[in-house]
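Observations on the three-dimensional arrangement
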Amino acid sequence: MASSPLQKTFDATSRLTIKEQTPDEMYGIPENSLEIEVRNPQTHGFGRKMYTDYEIVCKTNIPAFKLKYSKVRRRYSDFEWFRDVLERESSRVNIPPLPGKVFTNRFSDEVIEARREGLERFLQM
């Protein structure tokens with residue numbers, strides 16, 4: 001009598017050994033981590049020359065990175081440039097969208113916070 005595909009799968013997986021994780025393995029620092037945070041928006045200038053920039057903080061333990069911690073400030077237009085480069089250079093990868101352009105009340109706390117959250121989501125994908 002032939003065994004069913006389900007029985008074969010069960011037989012194959014039943015031989016796997018299950019190793020309990022230690023607390024360090026469960027809650028310790030991951031082997032490779034990359035944390036990116038967009039924070040501390042600041043609005044500069046007056047009238048038609050006003051703009052908001054954001055602090056981008058990167059923390060990592062990945063050996064390929066020269067710096068384990070870095071901070072820069074960037075404007076929305078810098079994110080647009082970066083996204084355009086990614087789209088041009090990586091045709092096989094779906095690049096996530098940026099938060100949309102805002103034309104009214106763009107310097108209100110609510111709009112700035114919504115944009116900050118959207119920029120952080122963009123960098124974390």
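Residue indices begin from 1 for each chain and proceed along its sequence in written order. Reporting of local features is limited, given that this is a predicted model, to residues whose pLDDT is at least 70; pairs of side-chain atoms are given and counted only at 80 or more, and all residues count toward the totals for whole chains, interfaces and linings. Water and hydrogen atoms play no part in the side-chain values, which are based on all heavy atoms of the structure.

**A word on the overall build of the chain**
Only DSSP runs of H or I reaching four residues or more are called helices, and only runs of E reaching two or more are called strands; each is numbered from the N terminus. Helices and strands together make up the secondary structure of the chain, namely four helices and three strands. In the chain, the succession of α and β elements from N to C terminus is α-α-β-β-β-α-α. With 125 residues in all, the chain has 21% of them scored as buried. Taking the contacts inside the chain whose residues are at least 6 apart along the sequence as the reference set, 45% of them involve residues at least 24 apart. In this scheme, a residue with accessible area under 20% of its type's maximum is buried, one over 50% is exposed, and one in between is partly exposed, where area comes from a 1.4 Å probe on protein chains only. For this analysis, residues touch if any pair of their heavy atoms sits within 4.5 Å.

**Looking at the nonpolar core**
Ile36, Val38, Tyr54, Ile56, Tyr76, Phe79, Ile95, Leu98, Ile112, Leu119, Phe122 and Leu123 form the largest nonpolar core, which has 12 residues in total. For this core, the elements supplying multiple residues, two or more each, are strand S1 (34-44), strand S2 (51-60), helix H3 (76-89) and helix H4 (109-124). Ranked by the residues each element gives to this core, the list is headed by H4, at four residues. Here, nonpolar core refers to any group of buried Ala, Val, Leu, Ile, Met, Phe, Trp, Tyr and Cys residues whose side-chain atoms link them within 4.5 Å.

**Quick look at the packing of H3 against H4**
To get an axis, fit a line to the C-alpha atoms, keeping to the stretch in contact for a helix; angles then go from 0 to 180 degrees between the N-to-C directions. For the pair H3 and H4, interaxial distance at closest approach is 12 Å and the crossing angle is 25°. Our classification of the angle between H3 and H4 gives roughly parallel. In the crossing of H3 with H4, the sense of the turn from one axis to the other is left-handed. For the pair H3 and H4, the contacting residues are Tyr76, Phe79, Phe82, Arg83 and Leu86 in the first and Arg115, Leu119, Phe122 and Leu123 in the second. Each residue gets one label: Ala, Val, Leu, Ile, Met, Phe, Trp, Tyr, Cys and Pro are nonpolar, Asp, Glu, Lys and Arg are charged, and the others, such as Gly, are polar. Among the residues forming the contact of H3 with H4, the class breakdown is seven nonpolar, no polar and two charged. Any angle between 65 and 115 degrees counts as roughly perpendicular, while under 35 counts as roughly parallel, over 145 as roughly antiparallel, and the rest as oblique. Left-handed describes a crossing whose near helix is turned anticlockwise from the far helix by less than a right angle; the clockwise case is right-handed.

**A short note on the pairing of S1**
Moving residue by residue along a regular strand, the side chains alternate between the two faces of the sheet. When S1 meets S2, the two strands line up antiparallel, connected through nine bridges. The partner of leucine 34 across the bridge, within S2, is threonine 60. Being paired, for any two strands, means DSSP has found at least two bridges between them. From the end of S1 to the start of S2, which pair antiparallel, there are six residues, and glycine 45 there has a positive phi angle of about 85°.

**What to know about the sheet that holds S2**
On the basis of which strands lie adjacent, the open sheet formed by three strands has the order S1-S2-S3 and antiparallel pairing. The outermost strands of the open sheet, each flanked by one partner alone, are S1 and strand S3 (69-75). Direction aside, the axes of adjacent strands within the sheet are offset by 20° on average. Across the sheet, H3 touches S2 and S3, and the angle it forms with S3 is around 105°.

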